[in-house]
Structures are given as structure tokens and as C-alpha cells.
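Okay, here's what each chain looks like letter by letter:
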Amino acid sequence: MDIFLMGSRHNLNDFEQIAILCVLGAAFISLIYAAWLRTVVLKKDKGTAKMQEIWNAIRTGADAYLSRQLQTILPLIGVLTLVMFFSVGVVPPSREAIEEFKTLESTQILWMNGVQFVIAVGRTIAFILGATFSLIVGQWGMRMAVQANIRVASASRRGFNEALSIAYYAGTITGMLTDGLGLLGGTVIFIVFGRAAPDALLGFGFGGTLLALFMRVGGGIYTKAADVGADLVGKVEKDIPEDDPRNAAVIADLVGDNVGDCAGMAADIFESYETTIVSGLILGLALVALTGELKWIVYPLIIRAVGVISSILGTFTVPIWEKFPLKFLRAHDAEEAMFRSYEVSSVFTVTISFILALTYAQDYRLAVLTAVGVGLAVAFNPLTSYFTSTKKAPVKEIVKSTNTGPATTILTGLSVGMESSVWALFVIAIAFMIGLLLYTGDGATYVLYAVAMIGIGMLSHTGNNVAMDSYGPISDNANGIGEMAWHDMKDKETLKARQIMADLDAVGNTTKAITKGVAIASAVIAAVSLFGSYITDVGRVQEQLGQVVMDSIRVSDTKVFVGLLIGGALPWLFSSFSIRAVSRAAAQIVEEVRRQFKIPGIMTGKVTPDYARVVSISTASAQKELIPLATIAVLMPLVIGLVLQVEALGGFLAGIILSGQLLAVFQSNAGGAWDNAKKSIEDEPRDLKANTGKGSERHKAAVVGDTVGDPLKDTAGPALNPMIKVANLVSLLAAPVIVKYQLFTEEGGVNFVVLAVVAALLGATIWAIAQSNRQVQAAPVVVEKAVKKTRAAR
């Protein structure tokens, strides 16, 4: 048997060839399942004319934002595509690439030999493919969420189960796109390039990660600028409900839920899914070279395919748990139904992994690693829920602290976030220790491969994870549409529908916090795997060039320690710029909303606010930060590597991973805890004399805490995930160049070409920092035009 020449070219046996075909089949099944769910969701009705009017405003704003974002990032993607191609020609190809394409070695194409040219083309195409897939997942996922939110609102008038099914199935579409495209890309690259796959896979991973960074940063700034502005004026100053149609920022807030939590998170998890495949296959190919066994590559691909089937089984069962025949298994709310479905997926994956490990790989340890990865994802559910759920002690403590004002509310939330970050790190460390114990006697490469396998196991249920995350903004938007369309309706049916949507929305806050925890943990595991790949790749290039091979990172070396310090500082700089961007945009929105509230007729509901003005402020503010922040993430590793060299760059990456993980979890969970503390008070009976419920002083203190937490949990914290992996992937891509071209020569002189490159990179980095610090004021002419437009509408 020789399917696609896999037998003769890659030495795959019959079972392995069939398995690879099944992996491709699973990728297509995932995409077909997503297409089928789309037809199911779109068949549902879109409610009343008033609901559709509000929905059209949200849809138009979201589409406009994504179009503007695409125009901003495409030029940089074009430049990096050229860099991907030309960078391959300055270093010799790897031994694996030469062996894979040895018939082309004597061919000369442009300034490269045939092997270099094939790798250059492959890496470039893979980069474009990774970026395109990430863009598809983010944009299509967001558009599907927009299509679903009005249908969820309409379905809530008929019952809880139908509304839950639409919201969850719409989120599942994004999850299955993530599964299908990620698995398809990695598998096809392996089939085409074989042992040379790592050279192309790096381009695939970098393309997906870079797009995720753009979508995470831009979406996060947009959504939280609008949210903070809407809450500070609407809730604190005017004492009106969250999605009140009189608030000029309400449409921008609802748009932000889609571009931030749907498009941004979907692209984020997709690139983690990509990166774990990339690192797993790179380290797996290193083990193939050591052992001659292809199980190190084939097994993780099969597990990813099993995860696709597991996600389909789990997500499909969500609606059945509310009326399950066995009462002790019956779900009492949406959160419990989702957790039940996740358990179904987990049991299926772990069972199949043990069967595969014992019969095919004949190494039970691979199944244990898969189970540890699945268990790690499951463990983050109760861990994150403990620190962010309204039912648990930490959030209750924050609620209690609102009795004494905003300051104590903020202090308590900060302490909750800090503690949660420590326990999350311990859980990840325990998972790593299990991998170390299983392969400690086999060598460092095996241990790093074990870490990559834990990451693959953890993200095997990406379909479930993305579905749970996208469910949150879909239910939030549905609740907002209901609030705006039915704010003056008090009949029994409407009140019941609004309660259903409020219940779905409350669960969405918890599921979003949980999936953020999983995304952060997976980012750390993927980054550690890439860190291992970096050491392996540097050693390979050094061996080819006849240099001393680096097999470890010595923290005792001064240059390495300097790299560690700078790497640890980078996530703080990145978060600083992200939060500052939200603060500046929110200040502009606050001023605009205040201005519009002064217009006669707005507060009485006789005049419609100018929603488009706030949407434009959020859009412009989000675009401003995209290029500067991406520039910092891409160029800083290059500067450190060229100046301090490869071992110090390894220290730099270690610093980013540790500091980034702690800071990301802290920000995410602190923000989630403040958010749910606010919702706990909003669910209380309104009694201003007793200081309870909406409009009370306790509620205002909670809103202040929530607005502080918003940019932490939805902008700065999540943006660190792709930033960590961008830095690691850039380092991996640049490692051969950094090894070959050094700033200081062995004779003690200076390489002036490298010096010029370093100066240019430093100049671009300083420009990026200056651009991010630049204060952007709304042009008075534009404001005046907006005022005239509003008056004309009156």
C-alpha cells in the first residue's frame, strides 16, 4: 500500500497510512458538522421588526470593524510574507530537508539551491495558509455569533432549551471550524513535506498566531472601551439599565462582545491549537530521528482526530441533559449541561487514547500524557469557577467589600486575582512534573515531547472550549437585544423570556472565564513546547555550522540573566499599552455619551442617540494599537537574539513564559470576579434605603470594580496568549540566522551589517512604543458634525 506516496516517501506502514487518511477525514467531518449546524441555526426565526432593527445596527458595526481591521493588517502580512520567503535563503537547509528533497539539491533556482527554494515556497504558503485559516475562524465565527444572537432572543419567548441550543450550537460552529482547519493544515503539511515538515510548520504556526494577536488586541480594545464608557455614564451617573436604548454606547458595547469575545477568542484558541500541533510534530520528528519510529508523529495526529469526534459527540448532547431520563444525571442549568457534555468528550478521548497507545504505539505513557492534558483542561473548570463564580467564597468576599466603597472592592478583587494565578501555575507545574516522571530516564527531548503531548491532549476538545466561550457573547447580545426591544413591555410572556435570557447570560460569564483559563494554560504549554523546539533547532544549526552545540540554558550566565529580565518585563509593557488604549478610548466615549445625554429628548426616549458616533470612536481606537503592539512582539526577540545571542534569547523566552502566565491569569480572573460580584448585587431586590440592588451605593462600587476589571480580563490578559507564542515562533524562525550572523565576531570586532540591522530594529521598536504612547484626540470638526447630525435627526 502506498497512498499519496506516504509509504515510499515517509516509510509509513499500512496502518499509519490509513490512520493519516482517517485524520484528514476527521478534519472534513468537523467542517461538514459545522456547515450542518449553521443550517440548523439559520432556520430559526429572527423575531420582531424592532429586534431586527437593533440586530442590523450590531451586524453593521461588527462588519465595519472587521473590514477596517483587515485593511490595517494586510500590508504588514504582505511584508512578512516576503520575509518568510527570503529568510530561508540565508542559511543552509536542514538535514531532514536535504534527505526529503535530495533530488533537488544540485538544482539552482534564483540564489538558492533547489532544497532551499522548496522550503522557502513551502514556508511562505504555510504562513499564508495559517493566517488565512485564523482569519476565517475569527471572522466566520463572529459573523455566525451575530446571526445567532437575535435568534436566541426570539427563541427565549418559546422556552429555555431552544434558546440554549441555538446559542451553544452557534458557538460550536466556530469550535468545529477551529478543529477542522487546524487539523487539516497540519496534516497536509506533514503529507507534503514529510521529515522537512518543521520548516513549513513554523510558517503555518506563525501566520495563525500573528492574526490571532491582531484580532485579540483590536477586539479587546474595542469591546472594553465601549463597555467601560457605557457603564460609567449609564449605570453610575444616570442609574439606567445596562442595555438601555437611551445610552449612546450600547450598540458599540454589543458589537464589542462579538469582535472581542467571538472573533478574538476564536482566533486565539485556533492559534494555540495550531501551535501545539507544530511543536508536537517538530519534537516528534526529532524523536523519529533518534528512534526510527514514526509513532511520535502519527499518534498526536490521531489523538487530534479522536478529539474532533469527541467534540462532536459532546456538543451534540448539550440540549438533552435538561430532560435526561436518569434524574441524577439531569442538568439543572446551562452551565451543568455544558459540563456534562465536556465529560462525555473527555471519557471518549481518554478511552480511545489508551486503546491506541497499547495496541499501536505500545507505550502506555502516551495515553497517560493525553489523559493528563484532558484532565488539565477539566481541572481548570472548577479552579477558575471557584475564583469567579457568584456561588463561591472569593466573589462573595468582593460583594461584601462593596459595603465600604470602590477602594476596598478593588483591593479585594486584586487579591483574588493574585491568588488564583498562583494555583493555576501549580496545576500546570504538576502536569509538567508528571511528564518529567514518565520520561525522565529517556532524555530531555522526550520530556519536552511529553509537554507537547499534554498540550495536544488539553486542546483535543477545542470544539467544546470554543463553543462554551462563544456561547457567552451570543447570550449577552441576545439579552441586550431583548432589553432594548422590550424595555417598555411588562407582560408575563416577555418577563419570562427576559428571565431566560438573563439566566443564559449569567452562565455565559462563567463559561467565558473558564475558557480564558484554558486558553492561557494552553498558551503556556504551547510556549514551553516551542521553547523546547527552539533549543533543539538551535543545536541542529550549530552542529551544521561546526559550532559548539547548545543543549541547555544557563541562567548563571550574565547575558542569559539579562535576557530573562527583559523577557519578564515584556508582558507588563504589553499590558500597559493595552490598558492605556482602553482608558483613552473609554474617556472619549464617556465624554460623547455625556454630551448626547444633554440633548433634549434622549432621556425621555423621544430622540434616538447617535450610536454610530461611539462605534466610530471604538473602531479608530482599536486600529491605532494593532501595528505598534505587533511590532514590539515581533522585533524584540530579534533585537535580543542579535545583540545577546541565542542562549540569552532562550532566557528571554523563559522570562516571557513565566511572567506572561502569572500576569494573564491574574488579570483574567480578577476581572471575572469583579464582573460577577457586580451581577450578584444586580440580582438583589432593589432597595436604596437598604443599600441593595441596582442603583445602590454598593452597586456603584461594584460597577467601578467591574470597569477596572474589564480591560484586564478582556483586553490585556487574553492578548498575552498570542504575544507569548509570537515571541517564541519569531525566535524559532530567526534562530538559524542568529546562530550564523553574530554582532560581535570571534576576533572581537563588530559585524557592521548586523549592527545596521540591530539599529533599524531598535528604531522600529522605539517608533512602536512612541506610537502607542501617542495621545489621539477626537477632532473638534468631527464632534461638531456629530452634534449637527443629531440635531437634524431631532
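So, how was this worked out
- Residues numbered from 1 in each chain as written.
- Predicted model: local features only at pLDDT ≥ 70, side-chain atom pairs only at ≥ 80, totals over all residues.
- Heavy atoms only, no water.
- Helix = DSSP H or I, 4+ residues; strand = E, 2+ residues; numbered from the N terminus.
- Buried < 20%, exposed > 50% of the residue type's maximum accessible area, 1.4 Å probe, protein only.
- Contact = heavy atoms within 4.5 Å.
- Areas by Shrake-Rupley, 256 points an atom, 1.4 Å probe, with all protein chains shown as cover.
- Lys, Arg positive; Asp, Glu negative; His and termini not counted.
- Charge placed at Lys NZ, Arg CZ, Asp CG, Glu CD.
- Phe/Tyr/Trp six-rings, centres within 6.5 Å; stacked < 30°, edge-to-face > 60°.
- Expected span 1.5 Å × (residues − 1).
- Salt bridge = Lys/Arg side-chain N within 4 Å of Asp/Glu carboxyl O.
- Axes fitted to C-alpha atoms, helices over the stretch in contact; angles between N-to-C directions.
- Left-handed = near helix turned anticlockwise from the far one by under 90°.
- Polar contact = N/O pair within 3.5 Å; in protein donor to acceptor, adjacent residues only side chain to side chain.
- 1 Å grid on protein atoms, 1.4 Å probe; cavity = no way out; pocket = protein on both sides within 12 Å on 5 of 7 lines; lining within 4 Å.
- Points joined across faces, edges and corners; volume = space filled by probe spheres on them.
- Nonpolar A, V, L, I, M, F, W, Y, C, P; charged D, E, K, R; others polar.
- pLDDT = per-residue confidence, 0-100.

### Points about the overall build of the protein
At step 1: A tally of helices and strands in the protein yields 22 helices and 2 strands.
At step 2: Over its C-alpha atoms, taken along the principal directions, the protein stretches across nearly 80 × 65 × 45 Å.
At step 3: Every one of the 794 residues in the protein was classed for burial, and the buried ones make up 63%.
At step 4: Within the protein, residue pairs in contact and separated by at least 24 positions form 83% of the contacts whose partners lie at least 6 positions apart.
At step 5: As displayed, the protein offers around 27900 Å² of accessible surface, 65% of which is attributable to carbon and sulfur atoms.
At step 6: Taken as two groups, the 65 positive and 65 negative side-chain charges of the protein have centres that lie 8 Å from each other.

### Thoughts on the packing of aromatic side chains
At step 1: If you walk through the whole model with that rule in mind, you get 13 aromatic pairs.
At step 2: With centroids separated by 5.0 Å and ring planes inclined at 40 degrees, the aromatic side chains of Phe15 and Tyr360 adopt a geometry described as tilted. Residue Phe15 is located in helix 2 (residues 14-42), and its partner Tyr360 is located in helix 10 (residues 334-361); the two are separated by 345 residues in the primary sequence.
At step 3: By the ring-pair criterion, three or more aromatic residues cluster together here, those being Trp296, Tyr439, Tyr446 and Tyr449.

### Remarks on the side chain of Ser401
At step 1: Tracing the sequence through the fold places Ser401 in helix 12 (residues 393-401).
At step 2: Residue class for Ser401 comes out buried when judged on its relative accessible area of 9%.
At step 3: Setting aside chain neighbours within four positions, we find Ser401 in contact with Thr408, Thr409 and Thr412.

### Examining helix 6 (residues 160-193)
At step 1: In a regular helix each residue adds 1.5 Å, so 34 residues correspond to 50 Å; helix 6 covers 50 Å between its end C-alpha atoms and thus fits that length.
At step 2: Most of helix 6 sits out of view: 29 of its 34 residues are buried.
At step 3: Immediately beyond the C-terminal end of helix 6, within one or two residues, lies Gly194, with a positive phi of roughly 55 degrees.

### Focus on the pattern of salt bridges
At step 1: Counted according to the given criterion, the structure contains 33 salt bridges.
At step 2: Across the pair Lys713 and Asp675 runs a salt bridge whose closest N-O atoms are separated by 3.6 Å. Here Lys713, found in helix 20 (residues 697-740), pairs with Asp675, found in helix 19 (residues 646-682); they are 38 residues apart in sequence, far enough to count as distant. Per residue, the accessibility class of Lys713 equals that of Asp675, and both read buried.
At step 3: One salt-bridge network, in which partners are shared between bridges, spans Lys224, Asp227, Asp675, Lys678, Asp706, Asp710, Lys713 and Asp714.

### Section: the packing of helix 18 (residues 611-644) against helix 19
At step 1: Contact geometry for helix 18 and helix 19: axes closest at 7 Å, N-to-C directions at 145 degrees. Considering how the two elements wind past one another, helix 18 and helix 19 form a crossing that is right-handed. Residues Met636, Pro637, Ile640, Gly641 and Leu644 of helix 18 form the contact with helix 19, whose own contacting residues are Val646, Ala648, Leu649 and Phe652.

### Comments concerning helix 7 (residues 197-237)
At step 1: With 41 residues, helix 7 should reach 60 Å at 1.5 Å per residue; the first-to-last C-alpha distance of 58 Å fits that figure.
At step 2: Counting buried positions over the 41 residues of helix 7 gives 38, a clear majority of the element.
At step 3: Just past helix 7, the residue Asp239 takes up positive phi, approximately 55 degrees.

### Concerning the side chain of Asp714
At step 1: Within the secondary structure, Asp714 sits in helix 20.
At step 2: Overall, the relative accessible area of 2% leaves Asp714 in the buried class.
At step 3: Side chain to side chain, Asp714 and Lys224 meet in a polar contact 3.0 Å long.
At step 4: Here Lys713 takes part through its side chain, which lies 2.6 Å from a polar atom of the side chain of Asp714.

### Here we look at the environment of Thr132
At step 1: Examined against the element boundaries, Thr132 turns out to sit in helix 5 (residues 114-155).
At step 2: Residue classification places Thr132 among the partly exposed residues on the basis of a relative accessible area of 35%.
At step 3: When the C-alpha atoms of Thr132 and Arg540 are compared, they prove to be 30 Å apart, with 408 residues separating the residues in sequence.

### Here's the deal with empty space enclosed by the protein
Left-over empty space is what a probe sized like a water molecule reveals as it rolls over the atoms.
At step 1: Throughout the structure, instances matching the rule amount to 3 cavities of 30 Å³ or more.
At step 2: There is about 160 Å³ of room inside the largest cavity.
At step 3: Elements supplying a minimum of two residues to the lining of the largest cavity: helix 7, helix 8 (250-291), helix 16 (492-544), helix 19 and helix 20.
At step 4: For the lining of the largest cavity, a count of residues per class yields 1 nonpolar, 1 polar and 18 charged.
At step 5: Here the second largest cavity is characterised by a volume of approximately 80 Å³.
At step 6: If you go around the second largest cavity, the residues you meet are Asn509, Lys512, Ala513, Lys516, Ser668, Gly672, Asp675, Asn676, Lys713 and Asp714.
At step 7: Those elements giving two or more residues to the lining of the second largest cavity turn out to be helix 16, helix 19 and helix 20.

### Notes on unusual backbone geometry
At step 1: If you check the backbone angles, Asp239 has positive phi at about 55 degrees while not being a glycine.
At step 2: Relative to the helices and strands, Asp239 is located in the loop between helix 7 and helix 8.
At step 3: At Gln362, a residue that is not glycine, the phi angle is positive and equals roughly 55 degrees.
At step 4: Summarising the element assignment, Gln362 is placed in the loop between helix 10 and helix 11 (364-388).

### A short note on the confidence of the model for the protein
At step 1: Of the residues in the protein, 95% have a pLDDT of 70 or more, and the chain-wide mean is 86.
At step 2: Confidence drops under pLDDT 50 across residues 778-794; counting only partners more than four residues distant or on other chains, this segment forms 17 contacts.

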